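# Per-entry structural report
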Amino acid sequence: DIRSENDLQSVTLLDPAGQILISTDNSIKNMNSESEQLVVKSALGGTTMLSLSSRNGQLYFIVATPLIDNFNRIQGVLVGNLLLSRSSTIQQYGRIVGNEVSVHINDRRVSTTLSGENIEVLSDNPHHNAHIQQVVQQNGDDYQASITIGGISYLSYFYPTKTPDKDNLVMFEVSLPVSSLDGIIFQLTTSIIPLQVVVVLLVC
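Numbers given to residues run from 1 along each chain, matching the order in which its sequence is written. Per-residue local features of the predicted model are confined to residues with pLDDT of at least 70, and side-chain atom pairs are confined, for both listing and counting, to 80 or more; whole-chain, interface and lining totals are unaffected and use all residues. With hydrogens and water set aside, each side-chain value is computed from the structure's full complement of heavy atoms.

## Quick notes on the overall build of the chain
Numbering of helices and strands starts at the N terminus; helices are DSSP runs of H or I of at least 4 residues and strands are runs of E of at least 2. Looking only at helices and strands, the chain features five helices and ten strands. Buried positions account for 37% of the 204 residues belonging to the chain. Relative accessibility under 20% of the residue-type maximum defines a buried residue, over 50% an exposed one, and the middle range a partly exposed one, all with a 1.4 Å probe and only protein chains included.

Written as structure tokens, this is what we have:
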């Protein structure tokens, strides 16, 4: 009920020692990742904590809250996972920003609003991919580039997103098809030229 009412991917109940008692996701056998250990430790100390978490090739918001009895004793911890990289969430982000949106973990595009073939890889150019990963995921800098994905050209903006899980490097990508830019330029050109003609005639 807690999972469905809050639209969570999973809810897990831990005992006061941090061991799993039950989970709505049978694949969760432990809380060994850095992000999970961080939020569980905070909850066992009496403080609710939220963190980004990358696990099993997906990106989550993970929150852990202590379960405290009437004598102010911690009787357990409730951990909830909200899947950020699910298709419906990414589609919603894409509509908000009005562009294509992707989530990358390490060298894979794990969730995206893009459609077509071979969209899991960063771009069609492996050397360019390595450079983008170095600048964004390794150095932690934003990066803007013209890339080709599945034969379609995009103007893409990449920015890093840090999680406690250091083995999984995360970055977001916002992309605009170059064909859309061509359309915008054409619209601007067709509206500016008549205006220039009118101005010239007025000056004359």
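## Quick notes on the sheet that holds strand 7 (residues 108-112)
DSSP bridges decide pairing: two strands pair if at least two such bridges lie between them. Read across the open sheet, the five strands follow the order 7-6-10-9-8; overall the sheet is antiparallel. Of all the strands in the sheet, just strand 7 and strand 8 (143-149) have a single pairing partner and so form its edges. If you compare each strand with its neighbour and ignore which way they point, the axes differ by 35° on average. Whether two residues are in contact is decided by their heavy atoms, any of which lying within 4.5 Å being enough. Each axis is a line fitted through C-alpha atoms, taken for helices only over the stretch in contact, and angles between the N-to-C directions span 0 to 180 degrees. Relative to the sheet, helix 3 (residues 87-97) contacts strand 6 (100-105) and strand 7, its axis offset from that of strand 6 by approximately 135°. Where helix 4 (residues 126-138) meets the sheet, its contacts fall on strand 6, strand 8, strand 9 (152-161) and strand 10 (170-177), and the angle it forms with strand 8 comes to roughly 150°.

## Brief notes about the environment of Thr-112
By the element assignment, Thr-112 lies in strand 7. The sequence separation of Thr-112 and Tyr-93 amounts to 19 residues, and the corresponding C-alpha distance is 10.0 Å. In contact with Thr-112, other than residues within four places in its own chain, are Ile-90, Gln-91, Val-101, Ser-102 and Ile-119. A distance of 3.4 Å separates a polar side-chain atom of Thr-112 from the backbone oxygen of Val-101. Under the rule applied, a polar contact is a pair of N or O atoms within 3.5 Å (in protein, one hydrogen donor and one hydrogen acceptor; residues adjacent in sequence only if both atoms are side-chain atoms). A distance of 3.0 Å separates the side chain of Thr-112 from the backbone nitrogen of Leu-114, its partner in a polar contact.

## Observations concerning the side chain of Ser-53
With respect to the helices and strands, Ser-53 occurs in strand 3 (residues 49-55). Judged by relative accessible area, which is 1%, Ser-53 ranks as buried.

## A look at helix 2 (residues 34-44)
Buried residues of helix 2: Ser-35, Glu-36, Val-39, Val-40, Ser-42 and Ala-43, and no others. Angular distribution of buried residues about the axis of helix 2 spans 160°; they occupy a single face of the element. For helix 2, the secondary structure elements touched by its buried residues are strand 1 (10-14), strand 3, strand 4 (58-68) and strand 5 (74-83). The directions considered for the arc run from the helix axis to the C-beta atoms.

## Considerations on the pairing of strand 4
Consecutive residues of a regular strand have side chains that alternate between opposite faces of the sheet. With seven bridges connecting them, strand 3 and strand 4 associate as antiparallel partners. Looking at strand 4, one finds that Ser-53 is bridged to Tyr-60. Between the end of strand 3 and the start of strand 4, which pair antiparallel, lie two residues, with Asn-56 showing a positive phi angle near 55°. Relative to strand 5, strand 4 is paired through nine bridges, and the arrangement is antiparallel. Note on strand 5: the bridge partner recorded for Phe-61 is Leu-82. The hairpin formed by strand 4 and strand 5 contains five residues between the paired strands, and Asn-72 there has a positive phi angle of roughly 65°.

## As for unusual backbone geometry
Not every positive phi belongs to a glycine, and Asn-72 is a case in point at roughly 65°. Relative to the helices and strands, Asn-72 resides in the loop between strand 4 and strand 5.

## Quick notes on the pattern of salt bridges
Each reported salt bridge corresponds to a side-chain nitrogen of Lys or Arg within 4 Å of a carboxyl oxygen of Asp or Glu. Here the structure, examined in full by the defined rule, presents five salt bridges. Residue Arg-86 is joined to Asp-7 by a salt bridge in which the shortest nitrogen-to-oxygen separation is 2.6 Å. Linking Arg-86 in the loop between strand 5 and helix 3 with Asp-7 in the loop between helix 1 (2-5) and strand 1, this pair joins segments that are 79 residues apart in sequence. By relative accessible area, Arg-86 is classed as partly exposed at 22%. Its relative accessible area of 43% is what places Asp-7 among the partly exposed residues.

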